[in-house]
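Structural features, examined
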Amino acid sequence: MCGIVGYIGPRQAYPILINGLHRLEYRGYDSAGVALLNGNVRVFKRQGKVNDLEDAIKSEDLTGNIGIAHTRWATHGEPNITNAHPHYSPSEKLAIIHNGIIENYSTLKEELINRGYIFQSTTDTEVLIHLIEDIMVNEKVDLVEAVQLALSQVIGAYAIVIISKDHPDLLIAAKKGSPLVIGIGEDEFFIASDATPIVEYTKKVVYLEDEEIAIIERNKELKIKTIKNKDKNPYIQKLELNLTALEKSGYPHFMLKEINEQPNSVHDSMRGRMSLKNGIISLGGIIDYVQKLASANRIIIIGCGTSWHAGLVGEYLFEDLSRTNCEVEYASEFRYRNPVLSENDIVIAISQSGETADTLAALQLAKSKGATILGICNVVGSTIARFTDAGSYTHAGPEIGVASTKAFTAQVTILTMMALMIGHQKGTINKSKYIQYLNELSRIPDKIKEILEKTEEKVLEIAAHFKDSHNFLYLGRGYNYPVALEGALKLKEISYIHAEGYPAAEMKHGPIALIDEEMPVVVIATNRGTYDKVVSNIQEVKARKGKIISIVTEGDTMVRESSDYVIEIPETEEFLVPILATIPLQLLAYHIAVMRGCNVDQPRNLAKSVTVE
Ligand code: AGP
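Residues numbered from 1 in each chain as written. Predicted model: local features only at pLDDT ≥ 70, side-chain atom pairs only at ≥ 80, totals over all residues. Heavy atoms only, no water.

In this structure, Ile 281, Ile 301, Phe 318, Ile 348, Leu 420, Phe 472 and Tyr 474 are the most contacted members of the largest nonpolar core, which totals 89 residues. If one sorts the elements of this core by residue count, helix α20 (residues 577–595) sits on top with twelve residues. Setting aside chain neighbours within four positions, we find Phe 472 in contact with Phe 466, Leu 491, Ile 497, His 498, Ala 499, Glu 500, Met 519, Pro 520, Val 522, Ile 549 and Ile 592. (Core = buried A, V, L, I, M, F, W, Y, C linked by side-chain atoms within 4.5 Å. Buried < 20%, exposed > 50% of the residue type's maximum accessible area, 1.4 Å probe, protein only. Helix = DSSP H or I, 4+ residues; strand = E, 2+ residues; numbered from the N terminus. Contact = heavy atoms within 4.5 Å.)

See the structure below:
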């Protein structure tokens, strides 16, 4: 997510803007910029950190009591100085900063190019400020109306702030789908993506609602209109949270914030890539490889840790939905094994950070053997993302907690869309089933929200009961086997309790010797296909006095009878269960770790990105 800061008032804007960007650094970013208005609009921006920007421009004229500033988390276009915000309009009389994704930007850009406009960057943001100025000039309307008319054409999410050379006492802000808050001081206004850059100056804030525009004029009352030009009364609230709490949006840890972001992050991983009306999935980043994927001899998925678990879900997805031969390899094993590869193989690397050394090395090996290499990364412009022939970004937003949560469900969502797209291309999924699957996939964000709302109390009860256990077993079959592995990894890496994930049928080949009354066993028992088998596994554990914690489909009765604790998740297609079933396991690991006093966001011995071998 990008960071936005704006200021208008009697003070020098630059120190307030830069301080605001530092307050937003926790959100993660790859470049930063500032625009000041003092006669002319002057834009200063750099790739890298806010400190790099400060060092680079310290000898510039940074005066002006109105300005905007931005930290960029790249979604469209590589992280570099050209794509950094703020962006100028063609006349350089306007500058804009933006947080969000404009889904129809390429259509808008094409129309503007046809009208003779030239673009410096590959961002959707620059398209928007060109459109605003084009409307203002050609339809002879004022800036506010031009913004209203432009935003009426935009499909997607935005939080924007604009300054204008011709209006030195005016800031315009607007939002839809991305957060924007206005701080009201004494004869001064502050604007930001969240309250962290504002709270040290004022506690009076107004949270803009979707499709609202704020017209912020020096020495005047704040004015709010809708993009349809309807006046709205600003609802002024008093900030209660302190700075630290604000950075986590009020959650005690980044991990819990990111678990709760999953309805949005899974939605964002689909945003602009799926049309229910037309029955289309379109992953732009790999559009040129759909045919190659459909005719591939084999898909090999490589990754580490949680990303490897997502890849294992991918194996079941590709085999089940697109009947493609698929293997999943630990990148660290693959790279040293001298694997047999050919140009008919496609290697897909999954990596949240895009910087994992083993995964990058495995990709380099695959490329050297002639395979096509694709990537599924969360960090735009990361090393792995740039090294692959093509790929899809997960758009989960920065993941700060070391334990990966929203990145995992976003990775699985991308893999699901890939498998559906290839299956549809190959004809292994008929049209009616395809439409049925797309509709169910579109309902997953709401089902995640439902799980988050309904299961936490039960999870807390279970966590309190088992927080002092020394070992856990996680069991699942089919699509739920990777979920069992992921649930075990979540628990062990943040609570330091030893936990193992197993295919449920493997119990009788050894692990059942571990079962006694001290052993909690988490069973993901939602399967339709092998449900009866899972029920038998549960009874085998029960017979040996194991404690059963079951994840079941709403309304389940059979598993409930043999379980000590039951967590229900909504009904969905079997291939979509991994996204839903993982949520309560993330919460269980989180709450046990908190009850054990562990450092949830930075567990001992772990790094967020393992860039060393
Ligand atoms: C997951 O919770 C861990 N933090 C770790 O296993 C992680 O998934 C692994 O290091 C891979 O990282 P990547 O996705 O950034 O490549």
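Moving on, we get to the sheet that holds strand β21 (residues 372–377). Within the open sheet, the five strands sit side by side as β19-β18-β20-β21-β22. Their pairing is parallel. Strands at the two margins of the open sheet, each flanked by one partner only, are β19 (326–330) and β22 (390–393). Along the sheet, successive strands turn relative to each other by an average axial angle of 20 degrees, direction set aside. The strands that helix α10 (residues 305–321) touches are β18 (298–303), β19 and β20 (345–351); relative to β19, the one it contacts most, it runs at about 170 degrees. Most of the contacts of helix α12 (residues 357–368) go to β20, to which it runs at about 165 degrees, and overall it touches β18, β20 and β21. (Pairing = 2+ DSSP bridges. Axes fitted to C-alpha atoms, helices over the stretch in contact; angles between N-to-C directions.)

Let us now look at the pattern of salt bridges. Where charged atoms from two side chains of opposite charge come close, those side chains can pair. Per the counting criterion, the structure on display carries 31 salt bridges. Between Lys 232 and Glu 212 there is a salt bridge, and its shortest N-O distance comes to 2.8 Å. Remark: Glu 212 occurs in strand β12 (residues 212–217) and Lys 232 occurs in strand β14 (residues 231–232); sequence separation between them is 20 residues. Assessed through its relative accessible area of 30%, Lys 232 is described here as partly exposed. (Salt bridge = Lys/Arg side-chain N within 4 Å of Asp/Glu carboxyl O.)

Surrounding the ligand, one finds 15 residues, the nearest of these being Ser 307, Ser 351, Ser 353, Thr 356 and Glu 493. Contacts to the ligand include Gln 352, whose backbone N or O atom sits 2.7 Å from an oxygen atom. Interatomic distance of 2.7 Å between a side-chain N/O atom of Ser 353 and an oxygen atom of the ligand. Within the complex, the protein chains bury 91% of what would otherwise be the 410 Å² of accessible surface of the ligand. Going through the elements one at a time, α10 and α17 (480–495) are the ones with two or more residues in the shell around the ligand. (Near = heavy atom within 4 Å. Polar contact = N/O pair within 3.5 Å; in protein donor to acceptor, adjacent residues only side chain to side chain. Areas by Shrake-Rupley, 256 points an atom, 1.4 Å probe, with all protein chains shown as cover.)

Right, let's talk about the environment of Ile 497 for a bit. For Ile 497, the location among the structural elements is in the loop between α17 and β24 (498–503). Residue classification places Ile 497 among the buried residues on the basis of a relative accessible area of 2%. For the pair Ile 497 and Ile 592, spaced 95 residues apart in sequence, the C-alpha to C-alpha distance is 9.3 Å. Non-local contacts of Ile 497, meaning those with residues more than four positions away in its chain, are made with Phe 466, Lys 467, Ser 469, His 470, Asn 471, Phe 472, Leu 491, Lys 492, Ile 592 and Arg 596.

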